[in-house]
Amino acid sequence: MAGGIPERRLRQIWDAIDSRQFKNALKLSTSLLAKYPTSPYALALKALILERMGRCDEALSVCLSAKELLHANDSMLMDDLILSTLQIVFHRLDRLDLATGCYEYACEKFPNNMQLMVGLFNCYGHEYSFVKQQQIAIKMYKIAGEEKFLLWAVCSIQLQVLCGNGGEKLLLLAEGLLKKHIASHSLHEPEALMVYISVLEQQAKYGDALEILSGKLGLLIMIEVDRLRMQGRLLARSGDYAAAADIFQRVLELCPDDWEYFLYYLGCLLEDDSSWRNWPFNDPVHLLKSCKVPQLTDEVFHSRISTASALVQKLRSEANSDFIRCPELANIEIERRKLLYGQGDDSNLMEALVHYFYRFGHLACFASDIEAFLQVITHEKMMEFLEKLMSSCNAHSTAPTKALGQSITLLKVQEIIGNTVNLPLGVLDSSAVQMAEMYCKNLPLSKDLDIQETMHGEELLSMACNVLVQLFWQTRKLGYLLEAIMIMEFGLTIRRYVWQYKILLLHLYSHLGALTLAYEWYKSLDVKNILLETVSHHILPQILLSPLWEELNNYLTDYLKFMDEHLRESANLTFLAYGHRTYTKAIEFVQFKQRLQLSNQYLIVRLEVPNLQLRQNADKIEDEECVLESLKNGSPLIELTKDIGCKTLTFNEDLQLRPWWTPTSDENYLLGSFDGASHCPRQNMQQMKEREANVRKAMEWRSLLPRMVYLSIQCASASFKENVEANGSLSKSEIPSELGFLLERYAKVLGYSLDDAIAMVATVSSGQKSFEVFGSKSSDIIIWMNFAVFLSAWNFSHQDGLQHREAKQHCSWHTVDSLLEKYILEKIKFRGPLISSPWNDLPVLVQLVTEPLAWHCLIIQSCQRSSLPSGKKKKRSGPSTDHSNSRLSHVVSDSIQSLWHTVGEVTKWLEEQINRPEDESVEIIVSSVQSEQPQGPGQVFKVIEDFVSSMNDFELGDRISQAIRSWNPSDVARKIVTSQRQVLSKFLRICESKSKTLHALKQQIPIVSN
C-alpha cells in the first residue's frame, strides 16, 4: 500500500509520468480519484501531473485540497510519501511556505517521528533557514543519538557563519557539541572528522586541530598523503614553518608531481606566509606571483635553499616517467627564488629553462608553465633565452609530432616575451604565413585520427588568426580581419569540433556586424548547464545591443530557465549530500548557490528581460501599458537592485577563453588606436573593482528604466490634461515628485548632481560642448539620452514650481529632438558600403532608436491621447487655457515632425545598404584577401589556396581531403554579407514600425490643433 492505495494502481501512473505522457497520467489519476476521492495521495499525484503540464493554478488548488484532507485525518500525516509528494509540488510552485507548514503541522502532531523531522529539515533547507535546520537537527540528535544528525546541526551552524548573519561565537557551540559527542561516542566517519577540523580551523585553533589529527581520530583519513596535506596546512597556518616544511617534504616524496605542494614546501622553508593569506583561494599561478622576498640572513637562506635543491635532485633522480614535470619546474623555481633574493644568476635560470624545454618543450602547457619565471629576467636575457631555444630545437632531431610541438612552443614563447609587438609589419606577415604553412605541412600527421580527436598543430591557425588581427589593429586594413575569418572557417571545415576556432570566429563576426553568424557559432558550442554562466559572456553583450530581438528573447529565456531551475533544485543536491553524509559537499553546494545568486550576469539578464519587453512593445502605448502593468510599473526591479545593496557581486565568466583583443566584455582594443599591446594580461584587483563598479552602474540605471518610462508617460499625460480638460482634474502630485526623485538617482549614476546633469545636457544641446563630454563609451551616450528624455517629460509637468527653473528652460522637448537628430544623423553620414567600414556605430543606432527615441515617442502618444476629446463636455476657463493648449499642441507637433524626419533618414540609410548588389559586397571581401602583392593582406590566404590546389589525397586521407575540397571562400564571403543584411533588415523593420507610428501621430495633429 502506498498512501493508502494499492501499489499496482499507482505503477501505471508513475510509468506515464516518468515517460512524460502527462495526458495519459492525468486520465489515470482522475480515474484513481473517482475510486479514492478522499485520498490525499491521489490528490497530490494529480497536482504533480497538473504542475508538469503547466497548469499551475489548478495544481495549487488540488494541493490545497489535499492539505485540508491531511489536516482532517491525522493518521494520514504519518505517511511521509504523501507529504513528500506535496512538498515537491509546492516547491515547484514556489510555495515553500505551504510545504513547510504541512511538515510543521505533522511534527506538532507526532513530535518524535524521525521521518517527519527529516522531511522538515529538508523543507528548512529549501528555505535556507539555517537556524531552524540547526534546531530540528539537534532535536533529532537528542532523540536518536546518531552522529549524522549532530553533523547536520554543526553544518547548519557553519552555514549561519559562512552564508548568513551568524557570528563566529556560534562556532564555539559547534565545537562544544562535537567535543561532547566525541567524549561519549567518538567519531566514525572521515567526513565527520573533516567537519570538526574545519570548525577548529575557522576559529584559528590550529593546535587543537593538529592534536585531533595526530591522535586516533586522524586514522579516519585513511589515505596517508591526504592526512599529511592537512597536517602541513595546519602547521603552516599556525606559523610553525619548519614542521610544515618537513610534512610537505613527505608529501612530495609520496607524490613527486605535486607542484602546488612543492610551492607550499618552499614557501615554508623560506618562511614566506604569502601562500596562506588567501587560503583556500590559491592556485599555482597565484602562488608564484604572490611570493615575497624572505627576511632571512644570507647564511640561513643559502642553507635552506640548499636543502630544497637536495630534495629536488632526489626527486629528479627517482622520477621514472616522462610525464612528471614537478621536479624540473621545482629546479627552475629555486633559481627564480635565488634571483629574487639577490643570490642567483640569470644564466642558471636560463639553463634550467632550456633543460625543461629539452624534456617538455613539445607539450602544449610549456609556455604557460614558464611564463611566471620569465618575468624576473630582463628583456635582453629573454631574447637570449629565445635564441637558445631556437638553436636547441634545430640541433636535436626528434619525432615529427614532437618537433611540431617544440616549434609551436617557440611561437608561444615569442608572444609571451612580447617580441611580436615591435616587429615590422612584414615580419609579422611572414610569421602568420609561417604558421599557416606549418599547419598545412603537418596535416598528414592527423590522417588517422578520429574527427573528435585534437589534431596535431591545431593551435597554429589560432595563432595565425591572432597575428592577423594584430596586423588589422596596426594598419586598419580590413583584409587582415577577413583573412583571419577565412582561415578559421578553413580550420572548422576540416574539424568542426575546435571550440577555440569557434570563439575566435564569434568575436570576429561580432566586430563585423555579422551577428546572426556569430550567434550560430555560439550555439554550435553546445553550451549546457553551468557553462551557460561561464561562457555566455562571449555573445550576451553583443546581442543585447542588436536588433535580433527574437534570438535575444530565446537566449534570455533559456538562460533564466536554467538558472532559476538550478537555484530551485540546488537545495535537493544539498539534502542529498546530507543523506550521503558528505557534509563538506553540503556546505559547498550552499556556497555555490549563493555565488550564482549574486552573479552579475544573472542579475543583468533579470533586468534585461523586462527592458526587452518594453522595447518590443514601444510602438503602441496601449501595448506598452500592458507590459508595464505586468511588470507592476517597474517597482520590483528597483527593489531588486536595492536588495543587492552592498553585497559583493560574483564574476563567474571564464575570461581566459576570450581573444586577446577583447579581454573583457566591455573592452575591445580594436575600437581604439594601436598602443603596442600584443596580448592581455590577467585583470588585477584594481581592474576587477572598476569592473564591478561599472556593472553596478549599469544595473542601477537599467533597473530604473521601466519605472521612469511609466512615470514619464503618466507625468506628460497628466500635464496635458491640466491644460486641455476644463473639469479641473489634476495629476497626482506624487507622480512628478517620484520622477524627480528617480532623476536625482539617475544623475548620481552619471556622476553628477541633478542640476549639474541638467546643465550638461543644456550645453551639449546648444552646441557649446560636443557629445564627447557624455563619455567615451557608447553606453554613456544612451544613458545621457535617456536622462534627457525623462527630464523633458518631468519638465512637462507644472507641479514642481520653479525649483529647477534651469531644467524647464534648457531641457524642453525641442532639446531632446535636437540631441537625437544631431547624434543619429552624424552616425549615418557615411554612405559607402558597410562591409568596408567598421560597424561600431550600428549598436549605438539600434539603442538610440529603440530606447530614448522610443520612450520619447511613447510620451508623445500619451500627450496625444490626453488631448483628444474625452466625450465629456468641456468647460472653458478662459483665453489663457486656449493659449496654453495651442502652445502644447505645437510642441507635440514639432517633436513628431522631428522624430519622423530622423527615423526616416535612418530608414533611407538602411535601405541604401541593404539594396546594394550582393555580388558587389562579396567581391569586396574576396578581393581584399586575394592579393598579388608580396606584402599586405592575402599572404596567409594564398598559402591556404595553394595548399588546397596541390594537396595529396593519399597523404591526407579521405576525411581530411574531402573536407578541404568542400571549403569555398566565396561561400564564406556570401555568408558574411547575408548575415550583415539580416541584421540590417531587422533594424529596418524596427525603424519602419517607428515611422508608421509617427506618421499616424502626424495624421492626428490637425485634429488636435482644431
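Residues numbered from 1 in each chain as written. Predicted model: local features only at pLDDT ≥ 70, side-chain atom pairs only at ≥ 80, totals over all residues. Heavy atoms only, no water.

On to the overall build of the protein. Scanning the protein from terminus to terminus reveals 48 helices and zero strands. Taking the principal axes of its C-alpha atoms as reference, the protein extends roughly 105 × 90 × 60 Å. The burial tally for the protein puts 53% of its 1010 residues in the buried class. Long-range contacts, defined as pairs at least 24 residues apart, comprise 73% of the intrachain contacts of the protein with a sequence gap of at least 6. Each charge class in the protein was averaged separately, 104 positive and 121 negative side chains, and the resulting centres sit 6 Å apart. (Helix = DSSP H or I, 4+ residues; strand = E, 2+ residues; numbered from the N terminus. Buried < 20%, exposed > 50% of the residue type's maximum accessible area, 1.4 Å probe, protein only. Contact = heavy atoms within 4.5 Å. Lys, Arg positive; Asp, Glu negative; His and termini not counted. Charge placed at Lys NZ, Arg CZ, Asp CG, Glu CD.)

With that settled, consider the nonpolar core. In terms of nonpolar packing, the biggest core is built from 182 residues, with Y439, Y509, Y522, F787, W855 and F987 touching the most fellow members. In this structure Y509 touches I485, E489, A514, L515, L517, A518, W521, V972 and I976, once residues within four positions along its chain are discounted. (Core = buried A, V, L, I, M, F, W, Y, C linked by side-chain atoms within 4.5 Å.)

Here the focus is the environment of N348. Summarising the element assignment, N348 is placed in helix α19 (residues 346-360). Expressed as a C-alpha distance, the spacing of N348 and K338, which sit ten residues apart in the sequence, is 9.9 Å.

This paragraph deals with the side chain of T902. Tracing the backbone shows T902 in helix α43 (residues 879-914). T902 has contacts with L820, E821 and I824, leaving out every residue within four places of it along the chain.

What follows is about the state of the cysteines. Evaluation of the coordinates by the stated rule reveals zero disulfides. Of all cysteine sulfurs in the structure, the one in C255 sits closest to C326, which takes part in no disulfide; the separation is 10 Å. With no disulfide partner, C863 has as its closest neighbouring cysteine sulfur the one in C715, 9.6 Å distant. (Disulfide = S-S within 2.5 Å.)

Taken as a whole, this structure holds 33 aromatic pairs when the rule is applied. When the ring of F771 is compared with that of Y823, the centres are 4.9 Å apart and the planes differ by 75 degrees; the resulting orientation is edge-to-face. One end of the pair, F771, is in the loop between α37 (754-765) and α38 (778-796); the other, Y823, is in helix α40 (residues 813-827), and 52 residues separate them in sequence. Given the relative accessible area of 9%, Y823 is considered buried. Through a chain of ring-to-ring contacts, the aromatic side chains of W701, Y746, Y752, F771, F774, W784, F787, F790 and Y823 assemble into a single cluster. Just above the ring of F954 sits the side chain of K447; from NZ or CZ to the centre is 4.3 Å. Seen from the ring of Y128, K593 lies directly overhead, with NZ or CZ sitting 3.8 Å from the centre. (Phe/Tyr/Trp six-rings, centres within 6.5 Å; stacked < 30°, edge-to-face > 60°. Lys NZ or Arg CZ within 6 Å of the ring centre and 35° of its normal.)

Spanning 17 residues, helix α25 (residues 478-494) covers 25 Å between terminal C-alpha atoms, matching the ideal 24 Å at 1.5 Å per step. Among the 17 residues of α25, 16 are classified as buried, and the element is accordingly described as predominantly covered. (Expected span 1.5 Å × (residues − 1).)

Turning to the pattern of salt bridges, a few remarks are in order. One side chain can pair with another of opposite charge once the charged atoms of both are near each other. Counted by the stated rule, this structure contains 48 salt bridges. When the shortest N-O distance is used, the salt bridge between D953 and R965 registers 2.8 Å. Residue D953 is located in helix α46 (residues 953-956), and its partner R965 is located in helix α47 (residues 958-965); the two are separated by twelve residues in the primary sequence. On the basis of relative accessibility, which here comes to 34%, the residue D953 falls in the partly exposed class. Classification of R965 as exposed rests on a relative accessible area of 53%. Beyond isolated ion pairs, a larger network of salt bridges with shared partners links E51, R52, R92 and E569. (Salt bridge = Lys/Arg side-chain N within 4 Å of Asp/Glu carboxyl O.)

To continue, consider the packing of α37 against α38. Contact geometry of α37 with α38 gives a least axis separation of 11 Å together with a crossing angle of 105 degrees. With respect to their mutual orientation, α37 and α38 come out roughly perpendicular. Contact with α37, carried on its side by L754, A757, I758, M760 and V761, involves W784, F787, A788, L791 and W794 of α38 and no other residues of that element. Its residues assigned to classes, the contact of α37 with α38 comprises ten nonpolar, no polar and no charged. (Axes fitted to C-alpha atoms, helices over the stretch in contact; angles between N-to-C directions. Parallel < 35°, antiparallel > 145°, perpendicular 65-115°, else oblique. Nonpolar A, V, L, I, M, F, W, Y, C, P; charged D, E, K, R; others polar.)

Another aspect to go through is α47. All buried positions along α47 are accounted for by I960, S961, A963 and I964. Buried positions in α47, seen along its axis, are confined to an arc of 160 degrees and lie on one side of it. Every exposed residue of α47 that faces more than 90 degrees away from the buried side is listed here: D958, Q962 and R965. Those residues of α47 that are buried lie in contact with α25, α45 (939-950) and α46. (Arc of directions from axis to C-beta.)

By the secondary structure assignment, A759 is in helix α37. Here the alpha-carbon distance between A759 and E992, two residues 233 residues apart in the chain, equals 34 Å.

Taken together, the side chains of I530, L531 and F592 present a nonpolar region at the surface, about 230 Å² in accessible area. By the secondary structure assignment, I530 is in the loop between α27 (515-524) and α28 (531-535). (Patch = residues over 30% accessible without salt bridge, like charges linked within 9 Å, V, L, I, M, F, W, Y side chains within 5 Å. Areas by Shrake-Rupley, 256 points an atom, 1.4 Å probe, with all protein chains shown as cover.)

Considering every residue of the protein, the mean pLDDT works out to 87; 90% of them sit at 70 or more. Note on residues 723-731: pLDDT is under 50 here. Beyond four places in sequence and across chains, it has 17 contacts. Confidence over residues 871-877 falls short of pLDDT 50; this stretch has seven contacts with residues more than four positions distant or in other chains. (pLDDT = per-residue confidence, 0-100.)

Within the element layout of this structure, R707 appears in helix α35 (residues 685-724). In this structure R707 touches K632, N633, G634, S635, I638, E738 and L742, once residues within four positions along its chain are discounted.

Attention now goes to the packing of helix α18 (residues 326-341) against α19. Between α18 and α19, the shortest axis-to-axis distance is 9 Å and the interhelical angle comes to 165 degrees. By the criterion of interaxial angle, the relationship of α18 to α19 is roughly antiparallel. As for the relative orientation of α18 and α19, their crossing is left-handed in sense. Taken together, the residues of α19 that come into contact with α18 (itself represented by E328, L329, N331, I332, E335, R336 and L339) are D346, N348, L349, A352, L353, H355, Y356, R359 and F360. Residues of the contact of α18 with α19, tallied by class, amount to eight nonpolar, three polar and five charged. (Left-handed = near helix turned anticlockwise from the far one by under 90°.)

What follows deals with unusual backbone geometry. Even without being a glycine, D94 presents a positive backbone phi close to 60 degrees. Mapped onto the secondary structure, D94 falls in the loop between α5 (80-92) and α6 (96-109). For D94, a relative accessible area of 54% translates into the label exposed. Despite not being glycine, Y128 has its phi angle at roughly 55 degrees, a positive value. Tracing the chain through its elements places Y128 in the loop between α7 (114-127) and α8 (130-144). The exposure class of Y128 is buried, given its relative accessible area of 18%.

By the secondary structure assignment, H362 is in the loop between α19 and α20 (366-374). The exposure class of H362 is partly exposed, given its relative accessible area of 28%. Taking the C-alpha atoms as reference, H362 lies 51 Å from R20; in sequence the two are 342 residues apart. Those residues in contact with H362 that lie beyond four places of it in its chain are K402, G405 and Q406.

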